[in-house]
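Survey of secondary and tertiary structure
One letter stands for each residue in the lines below.
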Amino acid sequence: MTFRQFAYNNVTRSKRTYAAFFFSSVFSVMIFFMYAMFIYHPGIEHGEIHSSAAKGMEAAEYIIYLFAFFFLFYSVSAFLKKRQKEFGILFIHGMSRRQRNKLIVLENLLIGILSILFGIALGMVFAKLFFLFAAFLLHTEPLPFYLPWKAIVLTSAAFFALFLVITILTILFLGKQQLIELLKGSKKPKSEPKASLWLSLLSAILIGLGYTAAILAEGAAVPILLFPVSLVVIVGTYFLFSQLSVYTIRRLKRNRRLYWNKTNIITLSDLAFRMKDNARMFFLVCIVSTVAFCAVGTLAAYAGSIRETAMASEPFAFSYTSTTDNPYVAEHLKMMEQSLEKNGSPYTKHSLIVRILDGGENRADTALIKLSDYNAFAQATDNEPFTLQSGEAIELNNTGMPSDRSSTITVNDETLQVDRQALNIVSNGSGTLYIVADEVYEQSKPSSELISTGYVVENWEETMSIAEEMMESISSADTGDAHFSARVIPYQQMRQMANTMLFVGLFVGILFFVASGSFLYFRLYTDLDSDKQQYRAITRIGLTERELSRIVTIQVALLFFVPIVIAIIHSAVAFVSLQNLLKMMFVTSIVQPTAIVLCSFLLVQFFYFLLIRGRYLHHLKQAIR
């Protein structure tokens, strides 16, 4: 047997341990390759699909590659650590350290090359579906299949270099351990896991502080607090798995009624060791899953609320604003109405006059509308009407949130108190204006006036051609100071941008989730041999198969669901905070889309648990019979 055959046999004989790592590597290569196919597609530059989608995928390529580096480095390091005893035996039989390093390089490159080949092959197979899905989300014609030489070369070179660099780094980190340490390997006797009370309390305090800050943050404070809150929660999560979980189990073990009940003595005793041994893995799975849940959930929420966002930012399907002394006003409005009638789009027309009061040299002008006109606009656009107290005005701005403007305005030498703000539904070509009582408005002496006209159209999502026609007609003519806008134009732009972000982020989120599943699978199967010995011994003193199934189910369920449940709680708190931020973007609710995302991930995790638990239990039962 040659050295290469020896390396090949090592990999094939450990295929059960390597399986999840291999499939995760294949999945990483496949996603990277399909994104590269999209980026280098000849139809991107001159086709219907906007180049922003390709730029988004370029950013995703960097994220995938960076994530793949840490994922492969952690996995390969963990594999080698578990093989210490094997290397010790090989050293006894005369293998040099140089030959060990050569063996590791051959094994890792074999897995790497196979991952690259399978990843690219699967990417070619699913490319057509990928392009169809892209066309579905981006609302364009699907890209045709092509032979992606550039993508093949890029993917092969990038991942071959990645596997090679990681292999060299892991060899450097292996160091020069003594033979006796290698032979002991993971069989070193373990002392009972201990946990610090103070670090456990610190974990609860950090997570509690992070949650409180995230939930209480509103508006612009959300992005400011994002990094410090994330850092605090990440540190708290690490201590949660490494300290608080072990401390809680030790406290449960002191409860004799619980500890001595049925098989709890086995479950709790083993659980403390598993939590301590797997703390870093639980932490990684939790953080990676949280990132995946938040990314996909936020993008799905934003993509699902584009219609509401467009309707909030543009209350009318078509809006027109101009000074009342513009001679083209009547002509423009007639042209717009004729265009709507010609294209069979029924409409209702609403108009009001905005009065501009001169603020003088040192103050800004003040724009006023009367209460009855605003309420007519509000009724037409399904917004809330207002009432005013004597001496009160309401500020209308582009966010509907409190602003840093003065809390009073002066009209007709009367000071009006401004304590309320609302979203501006009146197109006035600028920003802020004020609702005042009708009698205050009538008595005001404006320096100029604007006419603001809005058209309510039921089928506004199908009026893109009308909007383009109007835009061209009004912009090509002498319009004076007229301002025209159509809701369908920003709606289409926002929809394409949101779907592009969802399209790019969805597969990255799924990749993170698949990688976290690989971590769990690896930890479970690396403990399989020691678990076989342990349960074989316990079975001899009376443990039944039913009790074995119960113990294993509890332990595997905790392994699979503890980090995922913590990740879901982290994500739920993050979504509450994001809800406050997304309100500024007129995203009304993220509850439904995020609930669908979280339930989908949880359902997939549940089926994954059933599959792995069944296989794992099968191996244990075979060992004890």
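The structure contained in this document is the topic of the report that follows. (Residues numbered from 1 in each chain as written. Predicted model: local features only at pLDDT ≥ 70, side-chain atom pairs only at ≥ 80, totals over all residues. Heavy atoms only, no water.)

**Concerning the overall build of the protein chain**
- Tallying secondary structure elements over the protein chain gives 22 helices and nine strands in all.
- Counting every position in the protein chain, which comprises 625 residues, the buried fraction comes to 50%.
- By sequence separation, contacts in the protein chain at least 24 residues apart represent 83% of the contacts at least 6 residues apart.
- Looking at the protein chain as shown, the accessible area adds up to about 31000 Å², and 61% of this sits on carbon and sulfur atoms. (Helix = DSSP H or I, 4+ residues; strand = E, 2+ residues; numbered from the N terminus. Buried < 20%, exposed > 50% of the residue type's maximum accessible area, 1.4 Å probe, protein only. Contact = heavy atoms within 4.5 Å. Areas by Shrake-Rupley, 256 points an atom, 1.4 Å probe, with all protein chains shown as cover.)

**Considering the side chain of Gln 243**
- Turning to its location among the elements, Gln 243 is positioned in helix α10 (residues 221-253).
- The class of Gln 243 is buried, set by a relative accessible area of 11%.
- Excluding its chain neighbours within four sequence positions, the residues that come into contact with Gln 243 are Ala 195, Ser 196, Leu 199, Ser 200 and Lys 276.

**Quick notes on the layout of surface pockets**
- Here the second largest pocket is characterised by a volume of approximately 730 Å³.
- Leu 226, Ser 230, Thr 290, Cys 294 and Ala 574 are, among the 26 residues lining the second largest pocket, the residues nearest its centre.
- Within the residue set of the lining of the second largest pocket, elements represented by two or more residues are α9 (197-216), α10, α13 (279-304) and α21 (545-582).
- Top element by residues in the lining of the second largest pocket is α10. It accounts for ten residues.
- Taken together, the residues that form the lining of the second largest pocket break down as 20 nonpolar, six polar and no charged. (1 Å grid on protein atoms, 1.4 Å probe; cavity = no way out; pocket = protein on both sides within 12 Å on 5 of 7 lines; lining within 4 Å. Points joined across faces, edges and corners; volume = space filled by probe spheres on them. Nonpolar A, V, L, I, M, F, W, Y, C, P; charged D, E, K, R; others polar.)

**Considering the nonpolar core**
- Core analysis: the biggest nonpolar cluster contains 154 residues, and Phe 38 and Phe 318 have the highest contact counts within it.
- Element by element, the count of residues in this core is highest for helix α19 (residues 488-526), at 20 residues.
- Counting residues in each nonpolar core, the second largest holds 20 residues, with Val 354, Ile 369, Leu 388 and Leu 396 among its members. (Core = buried A, V, L, I, M, F, W, Y, C linked by side-chain atoms within 4.5 Å.)

**Here's the deal with the packing of aromatic side chains**
- In this structure the tally under the stated criterion is 22 aromatic pairs.
- Measuring from centroid to centroid gives 5.8 Å for Tyr 238 and Phe 239, while their planes differ by 65°, and the two rings are edge-to-face.
- For Phe 239, a relative accessible area of 18% gives the class buried.
- Ring centres of Phe 561 and Phe 609 lie 5.3 Å apart, and the angle between their planes is 65°; this geometry places the pair in the edge-to-face category. Of the two residues, Phe 561 is situated in helix α21 and Phe 609 in helix α22 (residues 591-624); the sequence distance between them amounts to 48 residues.
- By relative accessible area, which is 6% here, Phe 609 ends up buried.
- A network of ring pairs unites the aromatic residues Phe 560, Phe 561, Phe 606, Phe 607, Tyr 608 and Phe 609 as a single cluster.
- Over the aromatic face of Trp 460 sits the side chain of Arg 487, whose NZ or CZ is 4.7 Å from the ring centroid. (Phe/Tyr/Trp six-rings, centres within 6.5 Å; stacked < 30°, edge-to-face > 60°. Lys NZ or Arg CZ within 6 Å of the ring centre and 35° of its normal.)

**Some thoughts on the packing of helix α5 (residues 84-92) against helix α6 (residues 97-138)**
- Axis separation between α5 and α6 bottoms out at 10 Å; the angle between their running directions is 135°. In terms of orientation, α5 and α6 fall into the oblique class. For the pair α5 and α6, the crossing hand works out as right-handed. For the pair α5 and α6, the contacting residues are Phe 87, Leu 90 and Phe 91 in the first and Arg 97, Arg 100, Leu 103 and Ile 104 in the second.
- Residues that form the contact of α5 with α6 fall into these classes: five nonpolar, no polar and two charged. (Axes fitted to C-alpha atoms, helices over the stretch in contact; angles between N-to-C directions. Parallel < 35°, antiparallel > 145°, perpendicular 65-115°, else oblique. Left-handed = near helix turned anticlockwise from the far one by under 90°.)

**Focus: α5**
- Burial in α5 covers these residues: Gln 84, Phe 87, Gly 88, Leu 90 and Phe 91. In a view along the axis of α5, the buried residues occupy a sector of 165°, so they form one face of it.
- At the C-terminal side of α5, Gly 94 shows a positive phi close to 105°. (Arc of directions from axis to C-beta.)

**Here we look at a nonpolar patch on the surface**
- A cluster of nonpolar residues, Ile 113, Leu 114, Leu 117, Phe 118, Phe 160, Leu 164, Ile 168 and Leu 172, forms a patch on the protein surface that exposes about 720 Å² of accessible area.
- For Leu 117, the position within the fold is in helix α6. (Patch = residues over 30% accessible without salt bridge, like charges linked within 9 Å, V, L, I, M, F, W, Y side chains within 5 Å. Salt bridge = Lys/Arg side-chain N within 4 Å of Asp/Glu carboxyl O.)

**A look at the pattern of salt bridges**
- Tallied over the entire structure, the rule returns five salt bridges.
- Between Glu 461 and Arg 307 there is a salt bridge, with its nearest N and O atoms 2.8 Å apart. With Glu 461 in the loop between β8 (448-457) and α18 (464-476) and Arg 307 in helix α14 (residues 306-313), the pair connects residues that are 154 residues apart, well separated along the chain.
- Given a relative accessible area of 29%, Glu 461 falls into the partly exposed group.
- The shortest N-O distance in the salt bridge between Glu 449 and Arg 355 comes to 3.2 Å. Separated by 94 residues along the polypeptide, Glu 449 in strand β8 and Arg 355 in strand β2 (residues 347-357) bring together distant segments of the chain.

**Some details on the packing of α21 against α22**
- At a closest axis distance of 9 Å, the pairing of α21 and α22 adopts a crossing angle of 160°. Between α21 and α22, the crossing angle belongs to the class labelled roughly antiparallel. Like other packed secondary-structure pairs, α21 and α22 cross with a definite hand, here right-handed.
- Partitioning the contact of α21 with α22 into residue classes produces 19 nonpolar, five polar and three charged.

**A word on the sheet that holds β8**
- The nine strands lie next to each other as β5-β6-β4-β7-β3-β2-β8-β1-β9, forming an open sheet whose pairing is mixed. The sheet terminates laterally at β5 (408-411) and β9 (483-486), the two strands that pair on one side only. If you compare each strand with its neighbour and ignore which way they point, the axes differ by 30° on average.
- Sheet topology note: the β2/β8 ladder contains ten bridges and is antiparallel. Bridge assignment links His 350 to a residue of β8, and that residue is Gly 454. (Pairing = 2+ DSSP bridges.)

**Observations regarding the environment of Ser 115**
- With respect to the helices and strands, Ser 115 occurs in helix α6.
- Residues Ser 115 and Phe 27 lie 88 residues apart in sequence; the distance between their C-alpha atoms is 8.4 Å.
- Other than its neighbours up to four places away in sequence, Ser 115 contacts Phe 22, Ser 25, Val 26, Val 29 and Phe 163.

**Section: the environment of Val 291**
- Among the structural elements, Val 291 can be located in helix α13.
- Exposure remark for Val 291: the relative accessible area of 41% places this residue in the partly exposed category.

By themselves, these are just geometric observations and shouldn't be taken as functional.
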